[in-house]
Amino acid sequence: MVMREKELVEIIYRRRSIRRYEKRPVPDDVLNAVLEAGRLAPSASNLQPWHFIVVREPEIKRKLIFSTWNRFIDEAPIVIVGCGEADKKWAAIDVAIALENMVIAAEALGLGSCWIGHFREEEVKKALRIPGHLRVVAMITLGYPAERPRAPPKKKLEEILHYDGF
Ligand SMILES: Cc1cc2nc3c(=O)[nH]c(=O)nc-3n(C[C@H](O)[C@H](O)[C@H](O)COP(=O)(O)O)c2cc1C
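Keep in mind that what you see is a predicted model, and the values were worked out from it rather than measured.

Re the nonpolar core
Item 1. The biggest cluster of nonpolar side chains holds 20 residues, and the ones touching the most others in it are Leu64, Val81, Val124 and Met139.
Item 2. Taken together, the elements giving at least two residues each to this core come down to strand E2 (78-85), strand E3 (112-116), helix H5 (121-128) and strand E4 (134-143).
Item 3. With residues up to four places along the chain from it excluded, the contact list for Met139 reads Leu64, Ile73, Val79, Ile80, Val81, Cys114, Trp115, Ile116, Phe119 and Val124.
Item 4. Core analysis: the second largest hydrophobic core is formed by 19 residues, Val34, Ala41, Met102 and Ile140 among them.

Here it is as structure tokens:
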């Protein structure tokens, strides 16, 4: 995969959250390329305080659904659950960065993804047998997109940007 810097920025600009997916499975080499982007993410003191659980079994995936906010998990061929070591100060941020790396890599590889912050941590931990020293930070769905959502409104730079002080 050869990519110019400009293309990477365009990929970041065009990414949308995808909640509808084709049934087509994601080949292992494509999934591994996404996971690799997470593995290589920066982390505080390079501690890499993370574990990622790839969920593909429909029966297990279904256990992660608890409301309309994450019902589309059912349709997504893959869910990646990002966990952080509870005793590491920056673990949640580290895991979020790694997941976002995966989201961008997924877009570059023709996949769609969506962050999921709506979940019940204890139920997820039980369903996936996640040990007590880990927190579930977030999940992302992955799969070939079956929708092209319009860009939602985003704040203008002038509204959020400050130079040399607020
Ligand atoms: C931390 C986080 C949690 C999110 N949780 C959910 C969720 O539980 N369900 C959902 O449908 N979308 C979720 N989203 C996706 C957002 O709704 C989406 O990013 C936002 O509407 C902007 O759209 P865009 O991603 O296409 O730019 C989440 C996004 C983030 C960053």
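A closer look at the packing of helix H2 (residues 28-39) against helix H4 (residues 91-108)
Item 1. Contact pair H2 / H4: the axes reach a minimum separation of 7 Å and the direction vectors enclose 145 degrees. Handedness of the H2/H4 crossing: right-handed. Along its contact with H2, which presents Val34, Leu35, Ala37 and Gly38, the element H4 presents Ala98, Asn101, Met102, Ala105 and Ala106.
Item 2. Of the residues assigned to the contact of H2 with H4, the class counts are seven nonpolar, two polar and no charged.

Digging into the site of the ligand
Item 1. Every one of the 13 residues lining the ligand counts as a neighbour, but Arg16, Ser17, Arg19, Gly117 and Lys154 are closest to it.
Item 2. Taking Trp115, its main chain carries an N or O atom lying 3.3 Å from a nitrogen atom of the ligand.
Item 3. In isolation the ligand has 610 Å² of accessible area, and contact with the protein removes 65% of it.
Item 4. Residues that form the shell around the ligand fall into these classes: six nonpolar, three polar and four charged.

Here's the deal with the sheet that holds E2
Item 1. Here we have four strands laid out as an open sheet, ordered E1-E2-E4-E3, and antiparallel in their pairing. The open sheet has two edge strands with one neighbour each: strand E1 (50-55) and E3. Recorded for the sheet is a direction-independent mean angle of 25 degrees between the axes of neighbouring strands.
Item 2. With six bridges joining them, E1 and E2 adopt antiparallel strand pairing. Directly across from Val54, in E2, lies its bridge partner Ile80.
Item 3. Packed on one face of the sheet, H2 meets E1, E2 and E4 and runs near 160 degrees to E1.

Points about a nonpolar patch on the surface
Item 1. A cluster of nonpolar side chains, contributed by Met3, Leu8, Val9, Ile12 and Tyr13, occupies part of the molecular surface with about 450 Å² of accessible area.
Item 2. Looking at where Met3 falls in the secondary structure, it is placed in the segment before helix H1 (5-14).
Item 3. By relative accessible area, Met3 is classed as partly exposed at 32%.

Reading the values: the criteria
Note on numbering: residues in each chain are counted from 1, in written sequence order. Reporting of local features is limited, given that this is a predicted model, to residues whose pLDDT is at least 70; pairs of side-chain atoms are given and counted only at 80 or more, and all residues count toward the totals for whole chains, interfaces and linings. The side-chain numbers reported here are obtained from all heavy atoms of the structure, hydrogens and water having been left aside. Nonpolar cores were defined as sets of buried Ala, Val, Leu, Ile, Met, Phe, Trp, Tyr and Cys residues, with membership established by side-chain atoms within 4.5 Å. Whether a residue is buried, partly exposed or exposed follows from its accessible area with a 1.4 Å probe, protein chains only, as a fraction of its type maximum: under 20%, in between, or over 50%, in that order. Comment: elements are numbered from the N terminus, with helices defined as DSSP H or I runs of at least four residues and strands as E runs of at least two. Contacts were defined at the residue level, with two residues in contact if any of their heavy atoms lie within 4.5 Å. Orientation is described by axes fitted as lines to C-alpha atoms, over the contacting stretch for helices, and by angles from 0 to 180 degrees between their N-to-C directions. Crossing handedness: left-handed means the near helix sits turned counterclockwise from the far one by under a right angle, and right-handed means the same turn made clockwise. Residues were grouped as follows: Ala, Val, Leu, Ile, Met, Phe, Trp, Tyr, Cys and Pro as nonpolar; Asp, Glu, Lys and Arg as charged; and all remaining residues, including Gly, as polar. Nearness is judged by heavy atoms alone; a residue qualifies as near a molecule or strand once a single heavy atom is within 4 Å of it. Side-chain atoms alone can form a polar contact between residues adjacent in sequence; in general such a contact is a pair of N or O atoms within 3.5 Å, and within protein one must be able to donate a hydrogen while the other accepts it. Shrake-Rupley sampling with a 1.4 Å probe provides the accessible areas, and residues are treated as covered by the protein chains on show and by no other component. Here the rule is simple: two strands pair whenever DSSP picks up at least two bridges between them. Distance thresholds for patches are 9 Å for like charges and 5 Å for nonpolar side chains (Val, Leu, Ile, Met, Phe, Trp, Tyr), applied to residues having over 30% relative accessible area and no salt bridge. Take a side-chain nitrogen of Lys or Arg and a carboxyl oxygen of Asp or Glu: if they are within 4 Å of each other, that pair is a salt bridge.

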